[in-house]
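Examination of the molecular architecture
Residue-level listing of the chains:
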Amino acid sequence: MAESNDDDRLTLRPSAPEDALLHVDHLTKVYAIRRWLRRTRFLHALTDVSLYLARGETLGIVGETGSGKSSLAKIILRLLPPTLGQIVFAGRNITEYSEAAMRPLRRRLQPIFQDPNSTLNPRLSVGDIIAEGLRIHHLRPSGDAEKARVLELLGQVGLAAAVFDRLPGDLSAGERQRVAIARALAVEPELLICDEPVSALDVSVQAQIANLLLDLQQEFHLSYLFISHDLKLVCFLSHRIAVMYMGRIVETGPSETLAAKRSHPYTRALFNAVPEVLPTQRRLRILLDGEPPDPFNPPAGCAFHPRCPQATPGTCDQATPPLEEWGEGSGHFIACFNPHT
């Protein structure tokens, strides 16, 4: 299961199954920030990220603000180019695809973003918003057949036919997010990349949208990459979870395993910050000091070591821990020299 790079970096990773829908391999993203009359600064948003997503599976991505979650989503969607690494979707290496080459694939790879207010055209009716993808990809003839399909989609996301002619501004936040989901479903995707899709909603509405996503996944055998800072929600929705810190995956594995063991100190601190994720679990309390490091000037060694109560001087501040499997065949990988096991 462990592999080494050609340049002998000690980066070990979960091996993607041959039929994986999505395989991200050694993905790195560096932003060059140019300032007037100042030298260019380089921000490492992602460093050597590898992950896979099986068909019909949900992979949850968690981490603090600035951990690289949204950059990862945009690169997989090919809204941003990676600096290094590759993206394989449905058996095709799409890393270098042009926009023209990506266009027929975009219907299979759809986003749901955090704020529907910024993604729904306020001047179009709900019916036109949902039908737009049908028209672009020539999936339904116009007229009655198109309207029937849009009404069917509204029903699938729990909206009444009466919203067909309404504008997004006439709807509640939860209804707008349901419209965004219906728009994504219209083109019959295989993978939905959900980037904080419920964080702008009230708690009760969050639960409704989460249950809707589960129902749709079961009905249409969808795969989800679910990005959130809400650990409760991620544990509820996900089959596997990847924890990110400063652009790296520091722990990944089956949801139940990761939630129960919380082996990386950062993972343990995240769970400690959320009450009653597993209320019966006896906790080893970890409190974090300070803020995440400056992304323009990350620390040497493990990026988490300045805040880690388990850091070993001379090791953690000198070398980057590889992402290694703990327990053969467990699927539980940890990037830490001193994990809690």
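Below is a summary of the structure that appears in this document. (Residues numbered from 1 in each chain as written. Predicted model: local features only at pLDDT ≥ 70, side-chain atom pairs only at ≥ 80, totals over all residues. Heavy atoms only, no water.)

1. Description of the overall build of the protein chain
Looking only at helices and strands, the protein chain has 10 helices and 12 strands in total. Rg of the C-alpha trace for the protein chain: 21 Å, near the compact-globule value of 20 Å for 341 residues, within the 12% margin. Projected onto its principal axes, the C-alpha positions of the protein chain cover 70 × 50 × 45 Å. Taking the contacts inside the protein chain whose residues are at least 6 apart along the sequence as the reference set, 61% of them involve residues at least 24 apart. Summed over all atoms, the accessible surface of the protein chain reaches about 16500 Å², with 50% contributed by carbon and sulfur. In the protein chain, the 36 positive side-chain charges and the 39 negative ones have mean positions that sit 5 Å from each other. (Helix = DSSP H or I, 4+ residues; strand = E, 2+ residues; numbered from the N terminus. Rg over C-alpha atoms; globule rule 2.2 N^0.38 Å. Contact = heavy atoms within 4.5 Å. Areas by Shrake-Rupley, 256 points an atom, 1.4 Å probe, with all protein chains shown as cover. Lys, Arg positive; Asp, Glu negative; His and termini not counted. Charge placed at Lys NZ, Arg CZ, Asp CG, Glu CD.)

2. Description of the side chain of Thr95
Mapped onto the fold, Thr95 is located in the loop between strand S5 (92-93) and helix H2 (99-106). Separated by 2.7 Å, the side chain of Thr95 and the backbone nitrogen of Ile87 make a polar contact. Not counting chain neighbours up to four residues away, the residues in contact with Thr95 comprise Arg78, Pro82, Gly85, Gln86 and Ile87. (Polar contact = N/O pair within 3.5 Å; in protein donor to acceptor, adjacent residues only side chain to side chain.)

3. What to know about the nonpolar core
Ile130, Leu154, Val179, Ile181, Leu185, Leu192 and Val243 are the most contacted members of the largest nonpolar core, which totals 57 residues. The element contributing the most residues to this core is helix H6 (residues 173-186), with 7 residues. Excluding residues that lie within four positions of it along the chain, Ile181 makes contacts with Ile112, Val157, Ile209, Leu212, Leu213 and Leu216. In this structure, Val24, Met102, Ile193 and Ile249 belong to the second largest nonpolar core, which totals 31 residues. (Core = buried A, V, L, I, M, F, W, Y, C linked by side-chain atoms within 4.5 Å. Buried < 20%, exposed > 50% of the residue type's maximum accessible area, 1.4 Å probe, protein only.)

4. Concerning the pattern of salt bridges
Side chains bearing opposite charge may pair, as long as their charged atoms lie close to each other. Tallied over the full model, the rule gives 10 salt bridges. A salt bridge links Asp294 to Arg41; its shortest N-O distance comes to 3.8 Å. A residue pair is termed long-range when its members are at least 10 positions apart, and Asp294 in the loop between helix H10 (265-272) and strand S11 (324-325) and Arg41 in strand S2 (residues 38-53) qualify at 253 residues. Residue classification places Arg41 among the partly exposed residues on the basis of a relative accessible area of 25%. Taking the shortest distance from any N to any O, the salt bridge between Glu190 and Arg55 comes out at 2.9 Å. You can see Glu190 sitting in the loop between H6 and strand S7 (191-195) and its partner Arg55 sitting in the loop between S2 and strand S3 (58-62), a full 135 residues away along the chain. (Salt bridge = Lys/Arg side-chain N within 4 Å of Asp/Glu carboxyl O.)

5. Regarding helix H5 (residues 144-156)
The end-to-end C-alpha distance of H5, which contains 13 residues, comes to 18 Å, matching closely the 18 Å that a straight helix rising 1.5 Å per residue would cover. Taken as a whole, H5 has its buried residues at Glu146, Arg149, Val150, Leu153, Leu154 and Gln156. Relative to the axis of H5, the buried residues are bounded by an arc of 160 degrees and lie together on one face. Positive phi appears at Gly158, one or two residues downstream of H5, with a value of about 80 degrees. (Expected span 1.5 Å × (residues − 1). Arc of directions from axis to C-beta.)

6. So, the packing of helix H4 (residues 126-136) against H5
One can describe the packing of H4 onto H5 by two numbers: an axis separation of 10 Å at closest approach and a directional angle of 110 degrees. The angle between H4 and H5 falls in the class roughly perpendicular. Pair H4 / H5 crosses with right-handed handedness. Where H4 approaches H5, its residues Val126, Gly127, Ile130, Ala131, Leu134 and Arg135 are matched on the opposing element by Glu146, Arg149, Val150, Leu153 and Leu154. (Axes fitted to C-alpha atoms, helices over the stretch in contact; angles between N-to-C directions. Parallel < 35°, antiparallel > 145°, perpendicular 65-115°, else oblique. Left-handed = near helix turned anticlockwise from the far one by under 90°.)

7. Digging into the sheet that holds strand S10 (residues 248-254)
One open sheet holds the 8 strands; their spatial order is S6-S7-S8-S3-S9-S10-S12-S11, and the pairing between them is mixed. The sheet is open, and its two edges are formed by strand S6 (109-112) and S11, each paired on a single side. With 2 bridges joining them, S10 and strand S12 (residues 333-334) adopt antiparallel strand pairing. Each residue of the ladder has a partner; that of Thr252, found in S12, is Phe333. Running at roughly 150 degrees to S7, helix H1 (residues 69-76) makes contact with S3, S6, S7, strand S8 (223-227) and strand S9 (240-245) of the sheet. (Pairing = 2+ DSSP bridges.)

8. A look at the environment of Ala100
Topologically, Ala100 is positioned in helix H2. Exposure remark for Ala100: the relative accessible area of 63% places this residue in the exposed category. Expressed as a C-alpha distance, the spacing of Ala100 and Arg35, which sit 65 residues apart in the sequence, is 32 Å.

9. What about the packing of aromatic side chains?
Here the structure, examined in full by the defined rule, presents 3 aromatic pairs. Between Tyr245 and Phe304, the aromatic rings sit 5.1 Å apart at their centres with planes inclined by 85 degrees, giving edge-to-face as the arrangement. A residue pair is termed long-range when its members are at least 10 positions apart, and Tyr245 in strand S9 and Phe304 in the loop between H10 and S11 qualify at 59 residues. The burial state of Tyr245 is the same as that of Phe304; both residues are buried. The ring of Phe164 has Lys147 sitting right over it, with the charged end atom 5.1 Å from the ring centre. Positioned above the aromatic ring of Tyr52 is the side chain of Arg240, whose terminal nitrogen or guanidinium carbon lies 4.1 Å from the ring centre. (Phe/Tyr/Trp six-rings, centres within 6.5 Å; stacked < 30°, edge-to-face > 60°. Lys NZ or Arg CZ within 6 Å of the ring centre and 35° of its normal.)

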